[in-house]
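Summary of structural features
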Amino acid sequence: LVRLRARLARSQNSLGKGLLGLLSREHLDEDTWEEIEDTLLTADVGVQPTQELVERLRERVKVLGTRTPEELRALLREELLTLVGTEADRTVHTDESVGPEGAEVPGIVLVVGVNGTGKTTTTGKLARVLVADGKSVVLGAADTFRAAAADQLQTWGERVGARTVRGPEGGDPASVAYDAVKEAIDEGADAALIDTAGRLHTKTGLMDELGKVKRVVEKHGPVGEVLLVLDATTGQNGLVQARVFAEVVDITGLVLTKLDGTAKGGIVIAVQRELGVPVKLVGLGEGADDLAPFEPEAFVDALVG
Ligand code: GDP
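Because the structure is predicted, anything quoted here is derived from the model rather than measured.

Cut-offs and rules
- Residues numbered from 1 in each chain as written.
- Predicted model: local features only at pLDDT ≥ 70, side-chain atom pairs only at ≥ 80, totals over all residues.
- Heavy atoms only, no water.
- Salt bridge = Lys/Arg side-chain N within 4 Å of Asp/Glu carboxyl O.
- Helix = DSSP H or I, 4+ residues; strand = E, 2+ residues; numbered from the N terminus.
- Buried < 20%, exposed > 50% of the residue type's maximum accessible area, 1.4 Å probe, protein only.
- Polar contact = N/O pair within 3.5 Å; in protein donor to acceptor, adjacent residues only side chain to side chain.
- Contact = heavy atoms within 4.5 Å.
- Pairing = 2+ DSSP bridges.
- Axes fitted to C-alpha atoms, helices over the stretch in contact; angles between N-to-C directions.

**Section: the pattern of salt bridges**
Using the criterion set out here, one finds 21 salt bridges in the structure. Residue Glu30 pairs with Arg58 through a salt bridge whose shortest N-O separation is 2.6 Å. You can see Glu30 sitting in helix H2 (residues 30–42) and its partner Arg58 sitting in helix H3 (residues 47–64), a full 28 residues away along the chain. Taking the relative accessible area as the measure of exposure, Arg58 reaches 33% and is therefore partly exposed. The salt bridge involving Glu274 is made with Arg243; its shortest N-O contact spans 2.5 Å. Of this pair, Glu274 sits in helix H10 (residues 267–275) while Arg243 is found in helix H9 (residues 235–248), placing the two residues 31 residues apart along the sequence. For Glu274, a relative accessible area of 33% puts it in the partly exposed group. The network of salt bridges with common partners includes Arg56, Arg60, Glu78 and Glu79.

**Structural notes on the side chain of Arg7**
Following the sequence through the fold, Arg7 ends up in helix H1 (residues 2–23). Within the structure, Arg7 has its side chain in polar contact with the side chain of Asp290 (distance 3.4 Å). If near-sequence neighbours (up to four positions away) are discounted, Arg7 is found in contact with Asp260, Leu284, Gly285 and Asp290.

**Comments concerning the sheet that holds strand E5 (residues 163–166)**
A sheet is described by the order of its strands in space; here eight strands give the open sequence E5-E4-E6-E3-E7-E8-E9-E10, paired in mixed fashion. In this open sheet, the two edge strands, each paired with only one partner strand, are E5 and strand E10 (291–293). Geometrically, the sheet is characterised by an average inter-axis angle of 25 degrees between neighbouring strands, direction not taken into account. In this structure, strand E3 (residues 107–112) lies alongside strand E7 (residues 225–231), joined through four bridges in parallel fashion. Each bridged residue has a counterpart across the sheet, and for Val112 the counterpart in E7 is Leu228. Sheet contacts for helix H7 (residues 173–187): E3, strand E4 (137–142), E5 and strand E6 (191–196); angle to E4, the most-contacted strand, approximately 170 degrees. Seen against the sheet, H9 touches E3 and E7 and runs at an angle of roughly 155 degrees to E7.

Shown next, in the form of C-alpha cells:
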C-alpha cells in the first residue's frame, strides 16, 4: 500500500503543485482565477465542482488576507477533501448472505464496464485481495463473446488461486454467471466475482444482457456489489460510458483504473458527482498487487503534495 501511495503521488501531484503555485501569486487577479479554473478543468475535475471549488477558495483566500504556503496547502487540502467526500461507504461488500431457499450464498460481485477499461484485470486483482484475506473465490467468465477474455480471467484465477467457471464461446453470459454462483454455493466458497462483457455498440443489447445477468444471478441470492470499472485516462468519455451503465444497472461502487498513467485524477471527483456513487477501488498498475482501496485522504494528499 505504501508503494501504491507513492505511485499515486507521483502521478497526481502536478495538479496540486500547479494550483498551489497559482494561489501563491502576490496578486490574485481575474486572470489567475481563470488559470486556476483551467488547471482544475484540465485535470478532469468537471465544470460544476470546479466552479464550486474556485468560489470557495476565493472566499476563503479573501478572509485569510496574507497567505503562507502552509495555509494555502491546508486550505486546498480541506476544500478538495470536501469535494471528494469522506462520508461515503467505500467498503467492497463481499459478505455472505442467505438465498431464497435459506441456503448460505457467497458474496456476489458483478464487475461491469466497457471493454478495455480493465474489467478482467480488476476482477483478478480483487480475487487476489480476497484470497490473501483467507477467502475462497470463484470467478465467472461471463464475457462469452471474446474467448481471449475468458482465457485471461482463467489465467488470473490460476495465478491467484481461484477457480474459473466459463461457458462455450458465444454462449449465454447469464447462464455462465448463474453457473459460476452455483459452483461457488456448491463449493461453499466465500465470494463469486462475475466478469461481464462490455460491448457498448448497441445500448439495448448491453442493457438486455446486463439486466439479464443480474436477474438470473439473483435467483441464487442478492448481488452485494455492482462495480463499474472506468479508465481514468478516458476523461469525459468515461463519464458518458458511466451514464449508460448507470441506466442499465444500479452501480454500487466505482473502480478507477490506470490512475498510474494519468495526472488527471480530478476524474474521481467528476464521476462520483455524476453518478452519486463512491469510488471504492483504484487501479495503479497492471500487476496483481496494483489495486488499492480508495482513500480520500491519501488521494488528496497525493494531489497537494
Ligand atoms: P477489459 O477488456 O475491461 O477486461 O480490460 P483488461 O482487464 O483486459 O485491461 C485492459 C488493459 O489495461 C490491459 O493491458 C491491462 O493490463 C491494463 N490495465 C488494467 N488496469 C490497469 C491499471 O490500473 N493501470 C495500468 N497501467 N494498466 C491497467
